[in-house]
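Chain and residue survey
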Amino acid sequence: MANGQVLVVAGTHGNERNAPWLLEQWRRHPDLLASAGVPVQLEIGNPEALQANRRYLDRDLNRCFAPELLADAALQQRELQRARRLLELYGSAGQRPCRVALDLHSTTSGMGNSLVVYGRRPSDLALAAGIQARLGLPVYLHEADAAQTGFLVERWPCGLVIEVGPVAQGLLSATIARQTQLALEAALLTLAEASAGRLRLPAVLQVHCHRRSVDLPRDSAGEALASVHPRLQNRDWRPLEPGLPLFWSGKSEPVPSADALLQEDREARWPVFINEAAYGEKGIAFSLCRRERWDVEASWAEALQSLMAP
């Protein structure tokens, strides 16, 4: 197996402190990470933003990996230069090529320990199924959102995001760090089994498929007229119910409820990333999903085993 087969990225967003802290511990003491024998490359995604304790400096690094952005030489924002450099180092044709990218994040939302997959590549689904079988983590399938593209893991043959919360931006939490490590170790164990040609996946993968995003009520100037209602806060992965209030304005007027959303699409009733602090600038108060159970296909395991073959 070639060295650097799996790229582990922390600090793609510089104000998410837990994964970068873990990465430095693993660098100093490799025995702290149970890698299951899988060679890994450990990399801070956005070191300048991490030093400044800011999500990003010029633009969101985790939206910089769209091919058209990477190819546009006129675009020289710091995060775009960093994205190009990461691909030069670790891309499929890079100096230390990696086949899989695991991007470690934290969130202010009550997502718990969870996985984010972009699209339906068989190798990604196999990896998510292997982790879900071990830890029972929910999977958010983010697709069909033209406003949100250019994610880091999409530029590697296989990859997913490990997302853990809630934790405040800039805060180091032992609980969040431990959950991050557990999910990463489950991913590496799944990849080790695929490399050995003995990957066994569950019969079913449960996924939450992205359907739409919902913003806060805003005035003509774009200022928020209300906040996420306390009864909605931290209800990630729990279905909306008729009458559930969505927003709170502090006024005595009627509170908008989930009824209108449920009438538009009764299947899109599973909220995720509720009140994520960084998503305010993107016009997202929460996203809604449809929960599905998929039969795991043999081709998924075959794709991941082929990719990980020594």
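See the structure printed just above.
This section reports on the structure supplied with the text.

A few words on the overall build of the protein. Scanning the protein from terminus to terminus reveals eight helices and 11 strands. Against the 2.2 N^0.38 benchmark of 19 Å for 310 residues, the protein shows a C-alpha radius of gyration of 20 Å, consistent with a compact globule. Dimensions of the protein, computed from the C-alpha atoms along their principal axes, are close to 65 × 45 × 40 Å. Counting the 310 residues in the protein, one finds 55% classified as buried. When contacts within the protein are restricted to residue pairs at least 6 apart in sequence, long-range pairs at least 24 apart make up 72% of them. Total accessible area on the protein stands at roughly 13300 Å², and carbon and sulfur atoms take up 49% of it.

Another aspect to go through is empty space enclosed by the protein. Tallied over the entire structure, the rule returns two cavities of 30 Å³ or more. Each pocket or cavity is described by its volume, and for the largest cavity that value is around 260 Å³. Together, 25 residues line the largest cavity, and Arg63, Tyr118, Glu163, Phe273 and Tyr279 are the ones closest to its centre. Of all elements in the fold, only strand S3 (100-106), strand S4 (112-118), strand S5 (139-142), strand S6 (158-165) and strand S7 (204-214) reach the threshold of two or more residues within the lining of the largest cavity. Among the residues forming the lining of the largest cavity, the class breakdown is eight nonpolar, 10 polar and seven charged.

This part covers the pairing of S3. With seven of its seven residues buried, S3 lies for the most part within the structure. Residues Val100, Leu102, Leu104 and Ser106 point to one face of S3 and Ala101, Asp103 and His105 to the other, with burial holding for every one of them. Sheet topology note: the strand S1 (residues 6-10)/S3 ladder contains five bridges and is parallel. Paired with Leu7 across the two strands is Ala101, which belongs to S3.

With that out of the way, let us pick up the side chain of Ser195. With respect to the helices and strands, the residue Ser195 is situated in helix H6 (residues 174-195). Note on Ser195: relative accessible area 13%, which makes it buried. Within the local environment of Ser195, its side chain forms a polar contact with the backbone oxygen of Met308, the two atoms lying 3.3 Å apart.

The bond known as a disulfide is covalent and runs between the sulfur atoms of two cysteines. All told, the structure shown has zero disulfides when counted by the stated rule. Free of any disulfide, Cys64 has its nearest cysteine sulfur in Cys98, 20 Å distant. Residue Cys289 stays outside any disulfide, its sulfur separated by 7.6 Å from that of Cys209, the closest cysteine. Under the relative-accessibility criterion, Cys289 is labelled buried at 0%.

Moving on, we get to the pairing of S5. Alternating residues of S5 divide into Val139 and Leu141 and Tyr140 and His142, and every residue in both groups is buried. For S4 and S5, the ladder comprises four bridges, and the chain directions are parallel. What sits directly across from Tyr118, in S5, is His142. In this fold, the crossover linking S4 to S5 by way of helix H5 (residues 122-135) has right-handed handedness. Bridging between S5 and S7 involves two bridges; their strand directions are parallel. Its bridge partner being in S7, Tyr140 is matched across the sheet by His208.

The rules behind the values
- Each chain has its residues counted from 1, following the order in which its sequence is written.
- Whole-chain, interface and lining totals are the exception, using all residues; otherwise, since this is a predicted model, local features are given only for residues with pLDDT of at least 70 and side-chain atom pairs are given and counted only at 80 or more.
- Water and hydrogen atoms play no part in the side-chain values, which are based on all heavy atoms of the structure.
- Numbering of helices and strands runs from the N terminus, with a helix taken as a DSSP run of H or I at least four residues long and a strand as a DSSP run of E at least two residues long.
- Our radius of gyration is a C-alpha quantity, and the globule rule it is checked against amounts to 2.2 Å times the number of residues to the power 0.38.
- For every residue, the accessible area obtained with a 1.4 Å probe (protein chains only) is divided by the maximum for its type, and the residue is called buried under 20%, exposed over 50%, and partly exposed between those limits.
- Residue contacts are defined here by distance: any two heavy atoms, one from each residue, within 4.5 Å place the two residues in contact.
- Using the Shrake-Rupley algorithm and a 1.4 Å probe, accessible areas are obtained, with residue cover drawn only from the displayed protein chains.
- Using a grid of 1 Å spacing that covers the protein atoms alone, one calls a set of points a cavity when a 1.4 Å probe fits there but cannot get out, and a pocket when the set is open and has protein on both sides within 12 Å along at least five of seven lines; lining residues are those with an atom within 4 Å of a point.
- Grid points are joined across faces, edges and corners, and a volume is the space filled by probe spheres set on the points.
- All residues other than Ala, Val, Leu, Ile, Met, Phe, Trp, Tyr, Cys, Pro, Asp, Glu, Lys and Arg, Gly among them, are scored as polar; the first ten of these are nonpolar and the last four charged.
- Two strands pair under a simple rule: DSSP has to find at least two bridges between them.
- Two N or O atoms form a polar contact when they lie within 3.5 Å of each other; inside protein one atom must be a possible hydrogen donor and the other a possible acceptor, and for residues adjacent in sequence the pair counts only when both atoms belong to side chains.
- Note on terminology: disulfide denotes any pair of cysteine sulfur atoms within 2.5 Å.
- Seen with the strands pointing away from the viewer, any crossover whose path from the first strand over the helix to the second strand runs clockwise is right-handed.

So far we have only geometry, and geometry alone does not tell us how the molecule works.
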